[in-house]
Amino acid sequence: MELKTITENISFLPASENPLSSDVVFIKENNENWIFDTGHTDQARDLIEDLSGKKNIVISHFHEDHTYNLNRITYDNLYLSSWTFKKVHKGTIIENQMIINEDFRILTIPSSHEKGCLIIEYKDYAFMGDALYARPKILHHTYNAQLLKGMIECLESLKAKYFCLSHAGNFIQNRESVIRLYKDIYKRHKAGNPVIDVEDFFNADGSVKE
């Protein structure tokens, strides 16, 4: 995979399928490196190890494709949710949000995909990891309606113009189109049913069915 540049101080290594590995985001801020997820590939590990200067790791959630390299790299600080802390047993827990500066914060987000998801909002970009995705069940993909509502409220509170979704073919997506998609999903919620089934909402490639 080729490291891709978003801005002068933001780049990312795209996700891969074999091995399954998340996108790994690199932010250079005030001469410090911030890395969002560590991925699963040797290339991601080498890119992190080759960085000079202070390295701060932020883990979106505990799934292996996002955390595998954590034990294969050196770093100065590790930030994660309390749920992810229970899985990896190290790091600094972020309970609600951590403000780095007026343009940079790490925050929790309600998610049906997994407990304890963190996202990064940095200037015009919000890095989501897998937080916006459904929870895979046997034969079905579902959203918890209450969590989905909270997720949408969190998205609407962000100032970022672009949302970046791990594993997506189009990593950088327009804020309004993403929020509109999840509002459309929430409209499928039926009173008395806490689960929204979206198996028929998406095509095999992840695009929305017309």
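Structural data are supplied above this passage.
Predicted model, so just to flag it, every value in this text is computed and none were measured.

### Here's the deal with the overall build of the protein chain
When helices and strands are counted, the protein chain shows five helices and 18 strands. Against the 2.2 N^0.38 benchmark of 17 Å for 210 residues, the protein chain shows a C-alpha radius of gyration of 17 Å, consistent with a compact globule. Overall, the C-alpha framework of the protein chain stretches about 50 × 40 × 35 Å when taken along its three principal axes. Out of the 210 residues belonging to the protein chain, those deemed buried represent 45%. Across the protein chain, every contact between residues at least 6 apart in sequence was considered, and the portion connecting residues at least 24 apart equals 46%. With the model as given, the accessible surface of the protein chain reaches about 10800 Å², and the carbon-plus-sulfur share is 48%. Positive and negative side-chain charges in the protein chain, numbering 24 and 30 respectively, have mean positions lying 5 Å apart.

### Quick look at the side chain of E114
Tracing the backbone shows E114 in the loop between β11 (104-109) and β12 (117-122). Side-chain polar atoms of E114 contact the side chain of H63, separated by 2.9 Å. Ignoring any residue separated from it by four or fewer positions in sequence, one finds E114 in contact with H61, F62, H63, W83 and R135.

### A few points about the sheet that holds β12
Pairing is mixed across the open sheet formed by six strands, whose spatial order is β10-β11-β12-β13-β16-β17. In the strand order of this sheet, the two ends are held by β10 (97-101) and β17 (172-174), each with one partner. Averaged over all pairs of adjacent strands, the angle between strand axes in this sheet comes to 25°, irrespective of strand direction. Where β11 lies against β12, six bridges are found, and the strand directions are antiparallel. Its bridge partner being in β12, T108 is matched across the sheet by L118. Lying over the sheet, helix α4 (residues 145-157) contacts β11, β12, β13 (125-129) and β16 (162-165), oriented at roughly 165° with respect to β11. Of the strands in this sheet, β16 and β17 touch helix α5 (residues 175-186), which is tilted by about 75° from β17.

### Here we look at the sheet that holds strand β9 (residues 92-93)
Within a beta sheet, neighbouring strands are joined by backbone hydrogen bonds and run either parallel or antiparallel to one another. A sheet is described by the order of its strands in space; here seven strands give the open sequence β1-β2-β5-β6-β7-β8-β9, paired in mixed fashion. The open sheet is flanked by β1 (4-7) and β9, the only strands paired with a single partner.

### Focus on the nonpolar core
Ranked by internal contacts, the top residues of the largest apolar core, which has 28 residues, are I109, M128, L132, L155, F163, Y182 and I185. Contributions of two or more residues to this core are made by β11, β12, β13, α4, β16 and α5. When residues of this core are assigned to their parent elements, the largest contribution, six residues, is made by α4. Counting 19 residues, the second-largest nonpolar core is a separate cluster that includes F36, Y79, I106 and F171.

### A short note on the pattern of salt bridges
Considering all chains together, one arrives at 10 salt bridges under this definition. The partner of R45 in a salt bridge is D42, with the nearest N and O atoms 3.8 Å apart. Of this pair, R45 and D42 both sit in helix α1 (residues 42-49), separated by three residues, roughly a single helical turn. K187 is paired through a salt bridge with D184; the nearest N and O atoms lie 3.6 Å apart. Residue K187 is classed as exposed on the basis of its relative accessible area of 65%. The exposure class of D184 is partly exposed, given its relative accessible area of 33%.

The rules we used
- Residues numbered from 1 in each chain as written.
- Predicted model: local features only at pLDDT ≥ 70, side-chain atom pairs only at ≥ 80, totals over all residues.
- Heavy atoms only, no water.
- Helix = DSSP H or I, 4+ residues; strand = E, 2+ residues; numbered from the N terminus.
- Rg over C-alpha atoms; globule rule 2.2 N^0.38 Å.
- Buried < 20%, exposed > 50% of the residue type's maximum accessible area, 1.4 Å probe, protein only.
- Contact = heavy atoms within 4.5 Å.
- Areas by Shrake-Rupley, 256 points an atom, 1.4 Å probe, with all protein chains shown as cover.
- Lys, Arg positive; Asp, Glu negative; His and termini not counted.
- Charge placed at Lys NZ, Arg CZ, Asp CG, Glu CD.
- Polar contact = N/O pair within 3.5 Å; in protein donor to acceptor, adjacent residues only side chain to side chain.
- Pairing = 2+ DSSP bridges.
- Axes fitted to C-alpha atoms, helices over the stretch in contact; angles between N-to-C directions.
- Core = buried A, V, L, I, M, F, W, Y, C linked by side-chain atoms within 4.5 Å.
- Salt bridge = Lys/Arg side-chain N within 4 Å of Asp/Glu carboxyl O.

On their own, these measurements won't tell you what the molecule is for.
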